[in-house]
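# Structural overview for review
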Amino acid sequence: MRKLKIILSLLTIFTGSDSLYSQSLRQDSLFVPDQLRQYQFQLEEPVQSIEKLRYEKSEEPIKGTLSPDGKRVIMENYKKGQRVKLDAIYPDGRRVEVSKSPCFIDPVSYEL
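What this report covers is the structure whose coordinates are included nearby. Since the structure is predicted, the reported quantities are computational estimates derived from the model, not experimental observations. (Residues numbered from 1 in each chain as written. Predicted model: local features only at pLDDT ≥ 70, side-chain atom pairs only at ≥ 80, totals over all residues. Heavy atoms only, no water.)

## Thoughts on the sheet that holds strand S1 (residues 38-42)
Spatially, S3-S4-S1-S7 is the arrangement adopted by the 4 strands of the open sheet, whose pairing is antiparallel. The strands lining the two open edges of the sheet, one partner per strand, are strand S3 (64-66) and strand S7 (106-107). (Pairing = 2+ DSSP bridges. Helix = DSSP H or I, 4+ residues; strand = E, 2+ residues; numbered from the N terminus.)

As structure tokens, then:
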């Protein structure tokens with residue numbers, strides 16, 4: 001009886017640690033370096049399209065896309081801490097220059 005308890009305890013320990021190990025491997029495989037991450041910000045109201053997405057100070061262009069609902073801008077390789085601006089074209093034809101502070105720019109979440 002005592003041997004059975006010891007065997008069951010060891011089995012529980014080994015299967016539990018294996019689960020933790022596989023979980024840590026899964027999390028490590030999701031690691032994405034900062035320079036490859038996507039960042040996003042919300043727009044005040046939905047827009048039809050965006051143009052000239054760029055850093056405010058340097059005017060350097062940023063590769064980015066508009067979400068399908070027109071409410072978010074998703075940027076590739078954003079340099080953290082930089083203010084961005086873009087030209088937003090609304091469904092009614094208005095063209096407005098929008099500027100976003102880095103405190104409103106967040107990483108895109110990669111949830112499984």
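## Notes on unusual backbone geometry
Only a minority of non-glycine residues have a phi that is not negative, and only a minority of peptide bonds are not trans. Even without glycine at this site, Lys-52 takes up a positive phi of about 50°. Residue position: Lys-52 is located in strand S2 (residues 49-55). Look at Glu-59: it is not a glycine, yet its phi comes out positive at around 65°. Note that Glu-59 resides in the loop between S2 and S3.

## Some thoughts on the pattern of salt bridges
Taken as a whole and assessed by the stated rule, the structure comprises 9 salt bridges. Here Arg-54 ties to Glu-97 by a salt bridge, and the two come within 2.8 Å at their closest N and O atoms. Placement of the pair is Arg-54 in strand S2 and Glu-97 in strand S6 (residues 95-100), with a sequence separation of 43 residues. One salt bridge connects Arg-83 with Glu-56, and the closest N-O pair in it is separated by 3.7 Å. On the criterion of sequence distance, the pair formed by Arg-83 in the loop between strand S4 (72-76) and strand S5 (84-89) and Glu-56 in the loop between S2 and S3 is long-range, its members being 27 residues apart. The class for Arg-83 is partly exposed, based on a relative accessible area of 34%. (Salt bridge = Lys/Arg side-chain N within 4 Å of Asp/Glu carboxyl O. Buried < 20%, exposed > 50% of the residue type's maximum accessible area, 1.4 Å probe, protein only.)

## Focus: the sheet that holds S5
Taken in spatial order, the 3 strands line up as S2-S5-S6 in an open sheet, and their pairing is antiparallel. Edge positions in the open sheet fall to S2 and S6, since each of these has one partner strand only. Taken over all neighbouring pairs, the strand axes of this sheet differ in orientation by 20° on average, direction set aside. Sheet topology places S2 next to S5; 5 bridges connect them, and they run antiparallel. (Axes fitted to C-alpha atoms, helices over the stretch in contact; angles between N-to-C directions.)

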